[in-house]
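# Per-entry structural report
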Amino acid sequence: YQRRVHGTPSECLFFFDLPSKTMEKSAMDRTIPPQIEYPRQDLDVSLALLSKLIYLIVAVILIVFVFFPLLGGTVFPQFEEFYLIFSDVNPMAYAGLGTAFSIGFSIFGAAWGILLTGSSISGAAIRAPHIRSKNLISIIFCEAVAIYGVIMAIIMSTRIKFPSDDLPMTYDTMKTAAYTLLATGITVGLGNLACGVSVGIVGSSCAIADASNSTLFVKILVVEIFASALGIFAIIVGILQSQKANFPGN
């Protein structure tokens, strides 16, 4: 054997140990050469965008309720003036705005969740291709959030009725119903927005964990199911709220 391989006994021993060392590598290590290093993102983009959104909301509140009143010579805002401004708006505009909030925020939350989950699945599937099929359930959960908003927008649009007369009592009833639909749209929209972001973050973690250890998939999927239930709570409350919106003619 030494004559055939032209080596010393120690080199021959290394030749016999080489296949065993190669077989110790897992299928995941053989998929990608070890010398390739993929860049990792230091800061979660979704959390950074969420923090910017919170800062923007706080800034708007400070400008409206602190900065403008100080310029007007008073510490507290004139709420009577705000009431006069918003009370002159056609109530049908508020009803339509509530419907827009319902479907708009729901689609925004679903798109945000799909962005987080889809990018993680695509990146992790390069190293572990077996996660591609079963992790699509996270995309389905995110898409369900948009479906909740569409269903609620259809229900709200069926409640809107234009009155046949211009009686003061009819106008007051229409205002009450329009404000109810506005509150319904905000409730459902913000609930589905939070649900979509929650499902997206958990689905992203589920894909990464599944790529490392397949036994973690079912355990994290339970957490994702509970996160998806938040949207169901929002749509149930929205349906109950929309039943109180009684336009003249309903």
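Residues numbered from 1 in each chain as written. Predicted model: local features only at pLDDT ≥ 70, side-chain atom pairs only at ≥ 80, totals over all residues. Heavy atoms only, no water.

## With respect to the pattern of salt bridges
One pass over the structure, following the stated rule, counts one salt bridge. Two residues, aspartate 210 and lysine 134, come together in a salt bridge whose shortest N-O distance is 3.4 Å. Linking aspartate 210 in helix H8 (residues 168–212) with lysine 134 in the loop between helix H6 (91–127) and helix H7 (136–159), this pair joins segments that are 76 residues apart in sequence. Of the residues examined, aspartate 210 reaches a relative accessible area of 0% and is grouped as buried. (Salt bridge = Lys/Arg side-chain N within 4 Å of Asp/Glu carboxyl O. Helix = DSSP H or I, 4+ residues; strand = E, 2+ residues; numbered from the N terminus. Buried < 20%, exposed > 50% of the residue type's maximum accessible area, 1.4 Å probe, protein only.)

## Brief notes about helix H9 (residues 216–242)
With 27 residues, H9 extends 40 Å from end C-alpha to end C-alpha; this agrees with the ideal 39 Å at 1.5 Å per step. Within H9, burial applies to Phe217, Ile220, Leu221, Glu224, Ala227, Ser228, Ala229, Gly231, Ala234, Ile235, Gly238 and Ser242. (Expected span 1.5 Å × (residues − 1).)

## Here we look at the confidence of the model for the protein chain
Low-pLDDT stretches of the model should not have their predicted coordinates read in fine detail. For the protein chain, per-residue confidence averages 78 on the pLDDT scale, and residues scoring 70 or more make up 74% of the total. Averaged over each element, pLDDT in the protein chain is lowest for helix H2 (residues 9–23) (45) and highest for H7 (91). Below pLDDT 50 for its whole length, residues 1–7 participates in nine contacts with residues either more than four positions away or in separate chains. (pLDDT = per-residue confidence, 0-100. Contact = heavy atoms within 4.5 Å.)

## Quick look at the packing of H6 against H7
Contact geometry for H6 and H7: axes closest at 8 Å, N-to-C directions at 175 degrees. Considering the angle they form, H6 stands roughly antiparallel to H7. Residues Gly98, Thr99, Ser102, Ile103, Ser106, Ile107, Ala110, Gly113, Ile114, Thr117, Gly118 and Ile121 of H6 touch H7, and the partners they reach there are Ser138, Ile139, Cys142, Glu143, Val145, Ala146, Gly149, Val150, Met152, Ala153 and Met156. Looking at the contact of H6 with H7 residue by residue, the classes come out as 13 nonpolar, nine polar and one charged. (Axes fitted to C-alpha atoms, helices over the stretch in contact; angles between N-to-C directions. Parallel < 35°, antiparallel > 145°, perpendicular 65-115°, else oblique. Nonpolar A, V, L, I, M, F, W, Y, C, P; charged D, E, K, R; others polar.)

## What to know about the packing of H7 against H9
In the contact formed by H7 and H9, the axes pass within 10 Å of each other and the chain directions differ by 5 degrees. Of the possible angle classes, the one that applies to H7 and H9 is roughly parallel. Counting all contacts with H7, which are made through Ile137, Ser138, Phe141, Tyr148, Ile151, Met152, Ile155 and Arg159, the residues of H9 involved are Phe217, Leu221, Glu224, Ile225, Ser228, Gly231, Ile232, Ile235, Gly238, Ile239 and Ser242. Of the residues that constitute the contact of H7 with H9, the class distribution is 12 nonpolar, five polar and two charged.

## Examining the environment of alanine 144
Position of alanine 144 among the secondary structure elements: in helix H7. C-alpha of alanine 144 to C-alpha of isoleucine 232: the two residues are 88 residues apart in sequence and 9.6 Å apart in space.

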